[in-house]
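Examination of the molecular architecture
Residues per chain, in single letters:
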There are 2 protein chains.
Amino acid sequence: MSVEDLSQRIENALNKALARATVSGPPLLAGAFTHSVFPAGQRIRPRLTLSVALACGDDKPMISAAAAAAIELLHCASLVHDDMPCFDNAAMRRGRSSVHAAYGEALALLAGDGLIVLAFETAALTAVADPLRAASLSMIIARAVGMPNGIVAGQGWESETAPDLVLYQRAKTGSLFAGAAMAGAAAAGHVADPWGMLGYRLGEAYQVADDIRDVMCSEKDIGKPVGQDEALGRPNTVHELGVRGAARKLVELVEDAAESVPDCIGAIALKAQIRAQASRFLPKEAAQHAA
Amino acid sequence: MSVEDLSQRIENALNKALARATVSGPPLLAGAFTHSVFPAGQRIRPRLTLSVALACGDDKPMISAAAAAAIELLHCASLVHDDMPCFDNAAMRRGRSSVHAAYGEALALLAGDGLIVLAFETAALTAVADPLRAASLSMIIARAVGMPNGIVAGQGWESETAPDLVLYQRAKTGSLFAGAAMAGAAAAGHVADPWGMLGYRLGEAYQVADDIRDVMCSEKDIGKPVGQDEALGRPNTVHELGVRGAARKLVELVEDAAESVPDCIGAIALKAQIRAQASRFLPKEAAQHAA
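Right, let's walk through the structure included here. Each chain carries its own residue numbering, running from 1 in the direction its sequence is written. To read the labels, note that chains go from A and ligands from 1, taken in the order they are written. Totals for whole chains, interfaces and linings use every residue, but because this is a predicted model, local features are given only for residues with pLDDT of at least 70 and side-chain atom pairs only at 80 or more, for both listing and counting. Side-chain metrics in this entry use all non-hydrogen atoms of the structure; hydrogen atoms and water are not considered.

A closer look at the interface of chain B and chain A
Taken residue by residue, the interface counts 48 residues in chain B and 48 residues in chain A. Buried area counts how much accessible surface, traced with a 1.4 Å probe, disappears from two parts once they are put together, with both parts' losses summed. Where chain B abuts chain A, roughly 4,100 Å² becomes buried across the two surfaces, and 78% of that area is made up of carbon and sulfur atoms. Residues Arg143 of chain B and Glu121 of chain A are paired through a salt bridge, measuring 3.9 Å at the closest nitrogen-oxygen approach. Pairs of N or O atoms are called polar contacts if they sit within 3.5 Å, as long as, within protein, a hydrogen donor faces a hydrogen acceptor (for residues adjacent in sequence, only side-chain-to-side-chain pairs). At the boundary of chain B with chain A, the tally comes to 4 residue pairs in polar contact (both at pLDDT 80 or more). For the side of chain B that touches chain A, the elements supplying multiple residues, two or more each, are helix H1 (3-22), helix H2 (27-37), helix H6 (105-124), helix H7 (131-145) and helix H8 (151-157) of chain B. A helix here means a DSSP run of H or I that spans at least four residues, while a strand means a run of E at least two residues long, and both kinds are numbered starting from the N terminus. If you tally residues by element for the side of chain B that touches chain A, the top one is H6 of chain B, at 12 residues. All residues other than Ala, Val, Leu, Ile, Met, Phe, Trp, Tyr, Cys, Pro, Asp, Glu, Lys and Arg, Gly among them, are scored as polar; the first ten of these are nonpolar and the last four charged. Counted by class, the side of chain B that touches chain A contains 32 nonpolar, 10 polar and 6 charged residues. Contacts: residue pairs with any heavy atoms within 4.5 Å of one another. The term salt bridge refers to a side-chain nitrogen of Lys or Arg lying within 4 Å of a carboxyl oxygen of Asp or Glu.

Topic: the relation of the copies chain B and chain A
With an RMSD of 0.0 Å, the operation that places chain B on chain A is a rotation of 180° combined with a shift of 0.0 Å along the axis. Here the transformation between the copies is reduced to the relation of a two-fold axis. Of every C-alpha in chain B, the one belonging to Pro131 of chain B sits nearest the axis of rotation, 2.7 Å from it. When the interface residues of chain B are mapped onto chain A, 100% of them again lie at the interface, so the same face is used by both copies. We place the copies in one frame by least squares, fitting the C-alpha atoms of every residue whose pLDDT is at least 70 in both.

Things to note about unusual backbone geometry
The amide bond that connects Met147 of chain A to the next residue, Pro148 of chain A, takes the cis arrangement and shows omega of 5°. Of note, Pro148 of chain A is situated in the loop between helix H7 (131-145) and helix H8 (151-157). Backbone geometry places Asn89 of chain B, a non-glycine residue, at a positive phi of 50°. Within the secondary structure, Asn89 of chain B is located in the loop between helix H4 (61-82) and strand S1 (92-93). For Arg94 of chain B, which is not a glycine, the phi torsion comes out positive at approximately 50°. Relative accessibility decides the category of a residue: with a 1.4 Å probe and only protein chains considered, values under 20% of the type maximum give buried, values over 50% give exposed, and everything between is partly exposed. Take Arg94 of chain B: its relative accessible area is 30%, and that puts it in the partly exposed class.

Some words on the packing of helix H4 (residues 61-82) of chain A against H7 of chain A
Residues and elements named next belong to chain A. Axis definition: a line fitted to C-alpha atoms, over the contacting stretch in the case of helices. Angles run 0 to 180 degrees between N-to-C directions. Remark: H4 packs on H7, axes separated minimally by 11 Å, with the N-to-C direction vectors making an angle of 20°. Taken together, the axis directions place H4 and H7 in an arrangement best described as roughly parallel. In this structure, the crossing between H4 and H7 has a hand that is right-handed. Contacts between H4 and H7 pair Ile63, Ala67, Ala70, Ile71 and Leu74 from the former with Arg133, Leu137, Ile141 and Val145 from the latter. Here the angle decides the label: under 35 degrees means roughly parallel, over 145 means roughly antiparallel, 65 to 115 means roughly perpendicular, and every other value means oblique. For any helix crossing, the convention is left-handed if the near helix is rotated counterclockwise from the far helix by under a right angle, and right-handed if that rotation is clockwise.

Right, here's the structure in full:
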């Protein structure tokens, strides 16, 4: 399936979910929902969900599309809450106002809450096609975002004076990538757990790419402030290993990710796709360093 | 089943859910979770869930206990977020510090998010006993708290310049009561929709009781600030109808609620229990007015 087809399936599923949530109710909050989810960012996580589902046969595409939408809704919710003044206090996101900057804190808080709920509703609706897969999807996304190991836990580590940095990174970024891969497998009726490692490794690779962008790109390139890690005293792989070292680490992590793909009908194609993905993660200048 | 047994089942189910979420992960956030849920408030909504499940035969008590816990976790999450500075900015709740006052805004925001996730995880876990009921539970609680008609929508109406007051009250208070009743029916394998009206009417009754408490009680009596409706310019039934009128309206609403109980094996006992409940809603002085 081409990149365009994947994009189309993801946007269709998100549009369907948003339409359910915003068909009535308070108009400003409905606007904040839409602002949180559109226009599309990179949609890296839901692409991973669909790619894994396809590699597993994707015998019930209604379920994999819903799984991809649920994963992206949770990602959007985490961005909305993460941008708020009590966390990163970021006024910009994807090249325009963040949700709380555009709609105020109260509606941003509610939009994040509501998108979490919408994600679980979207997962539950797949029960019409397969109640056991629906339940397993719900469990997977709950673990990816909740306590003790999901995004919420990752954010929570930032309030500790002596956080466990490995648990912190795994929870804050890795958990939703792992959930995205597992959700794709579960949506296609496969055992989900063996797919977690692929997600964790891609999540780590994505984190390194994000570190590189934070150092090498301009705000105009990536639609959000750069140099934030230095400004906020956060760890950054480029500070640790240099640009060349960070770029090489990224390529290694992507290779490890490809190697971790479990046996399935589409394993070879998926591995090739993952390796090709490495270059999409990286800004051009860094890709030259990694060569 | 006695009141004590109901309480015990609710607290056990909540303890079990909290134990899953706080077994590891960042300790402060784990503390904020516990502070959000314990010690027990009135637990009115999960009692409604169990009472309805019992009236419907309660053939799978593992599911009804989980449903009750999920409903209460969502209620606690809404209180935590509602108390935050961008909403009511309340420093007290249940007679002690609100969560953001005790743990800071960041952890309060995360605790609310995480409790929403935990509620859906708790519902999804019932799939081991019955995947179809699990899915229907998830749908019911999603509708009770999400957009366009759940708690989040109710809160969202507060940001509109010309809110629809009927939709506002139904969404902010009624929706979770309706969800509580419907979840009880679904947990026992009954069709849930006919139970919504009971919940809405009890929710309206509870809102009137809350209005009365806000006017007639002291902060010490109810563990949170009083006189808030007048201070914040919110509608209050006592201002509209007087204490006697408000107390009578409450009794009527409870009577309507009892009348709306659908046919089921325990309908007579449930109706009696609902009528008895009216007196628990009311402070003593107001109960005399209603007599």
